[in-house]
Amino acid sequence: MSIDRLDAKTALDAVARSRQQAGELRNYARAGSILMAWGIAWLAGNLASQIDPSWVRIVWPLAIVGAVLWSILRPGGRFDRRAFATAIAIAGYVLLTLTLVRPDPRLANVLVSLMIAVSYVVLGIWTGYRFALLGLILVAIILTGWFLVPSWLFACLAFGGGGTLLVGGWSLHRA
């Protein structure tokens, strides 16, 4: 039994698609616990911002350091220098911009949150649609808080944004 060119091409295309899907699912599973860690950080930081702004200077730094440490040192994870360098560059840009512009805390939070949400959309364009969907959900939650419930913005970001990252991370981890 011989195989013709069309059958060979079809089989090779199926193998390539399977390989791509397996890689995408592996990336989702690796990212799941990282997203959950950042969901906890968003939940804690924004809840502190809503309840008592004097807690912000303690809760946000602890939450961010905790999420960064988990992202780097998580069990079974591997350190990616390029990803880490990219995160440092983006964080530096955000901090520099906030230093120069000096927005009020609400606007600063929304700008940083939108930058993170759009980063997930871009990540999804390159690595898998689930990240893009997660980013778009975050954008919708951020804009809902900003425009529809401004007095509850931080609570919206805490439960909506943090909850989305927690549930999204859990879902990706199980992918």
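Structure: see above.
The notes below deal with the structure included here. All values derive from a computational prediction rather than experimental measurement. (Residues numbered from 1 in each chain as written. Predicted model: local features only at pLDDT ≥ 70, side-chain atom pairs only at ≥ 80, totals over all residues. Heavy atoms only, no water.)

## Some remarks on the pattern of salt bridges
We count it as follows: Any Lys or Arg side-chain nitrogen located within 4 Å of an Asp or Glu carboxyl oxygen qualifies as a salt bridge. A run of H or I in DSSP counts as a helix once it spans at least four residues, and a run of E counts as a strand once it spans at least two, with each numbered from the N terminus.
The full count for this structure, using the stated rule, is one salt bridge. Notably, a salt bridge pairs Asp-13 with Lys-9, separated by 2.9 Å at the nearest N-O pair. Here Asp-13 pairs with Lys-9, and both are found in helix α1 (residues 5–51), just four residues apart, close to one helical turn.

## So, the side chain of Asn-109
Heads up, the rule is: For the exposure calls, accessible area comes from a 1.4 Å probe over protein chains only, and a residue counts as buried if that area is under 20% of its type's maximum, exposed if over 50%, partly exposed in between. Whether two residues are in contact is decided by their heavy atoms: any pair within 4.5 Å suffices.
In this structure, Asn-109 sits in helix α4 (residues 105–127). By relative accessible area, which is 10% here, Asn-109 ends up buried. If near-sequence neighbours (up to four positions away) are discounted, Asn-109 is found in contact with Asn-46, Trp-60, Phe-154 and Leu-157.

## With respect to the packing of aromatic side chains
Selection criterion: Two rings from Phe, Tyr or Trp (for Trp, the six-membered ring) form a pair when their centres are within 6.5 Å of each other. A pair whose planes differ by under 30 degrees is stacked, one over 60 is edge-to-face, and the rest are tilted.
Enumeration according to the criterion identifies one aromatic pair in this entry. With 5.4 Å between their ring centres and 50° between their planes, Phe-79 and Phe-84 make a pair best called tilted.

## Looking at the nonpolar core
Burial of nonpolar side chains together is a common tendency in soluble globular proteins. For clarity, the threshold we go by: Only buried residues count toward a nonpolar core. Its members are Ala, Val, Leu, Ile, Met, Phe, Trp, Tyr and Cys residues joined through side-chain atoms within 4.5 Å.
Counting 17 residues, the largest nonpolar core has Leu-35, Trp-42, Tyr-120, Phe-131, Leu-138, Ile-142 and Leu-165 as its most contacted members. Contributions of two or more residues to this core are made by α1, α4, α5 (129–147) and α6 (153–173). At five residues, α5 tops the list of elements feeding residues into this core.

## As for the packing of α4 against α6
Applicable threshold: For every element, the axis is a line fit to its C-alpha atoms; helices are fit only across the contacting stretch, and the angle between N-to-C directions ranges from 0 to 180 degrees. Each angle gets one of four labels, with under 35 degrees taken as roughly parallel, over 145 as roughly antiparallel, 65 to 115 as roughly perpendicular, and the rest as oblique. We call a crossing left-handed when the near helix sits turned anticlockwise from the far one by less than a right angle, and right-handed when that turn is clockwise.
Running from N to C, α4 and α6 cross one another at 20°; their axes reach a closest spacing of 12 Å. Considering the angle they form, α4 stands roughly parallel to α6. As α4 packs across α6, the resulting crossing turns out to be left-handed. Side by side, α4 and α6 meet where Pro-105, Arg-106, Asn-109, Val-110, Ser-113 and Tyr-120 of the first sit next to Leu-153, Phe-154, Leu-157 and Leu-165 of the second.

## Some thoughts on unusual backbone geometry
With phi around 50°, Arg-102 is a residue other than glycine that occupies positive phi space. With respect to the helices and strands, the residue Arg-102 is situated in the loop between α3 (81–101) and α4.

Just geometry here; none of it tells us what the structure is for.
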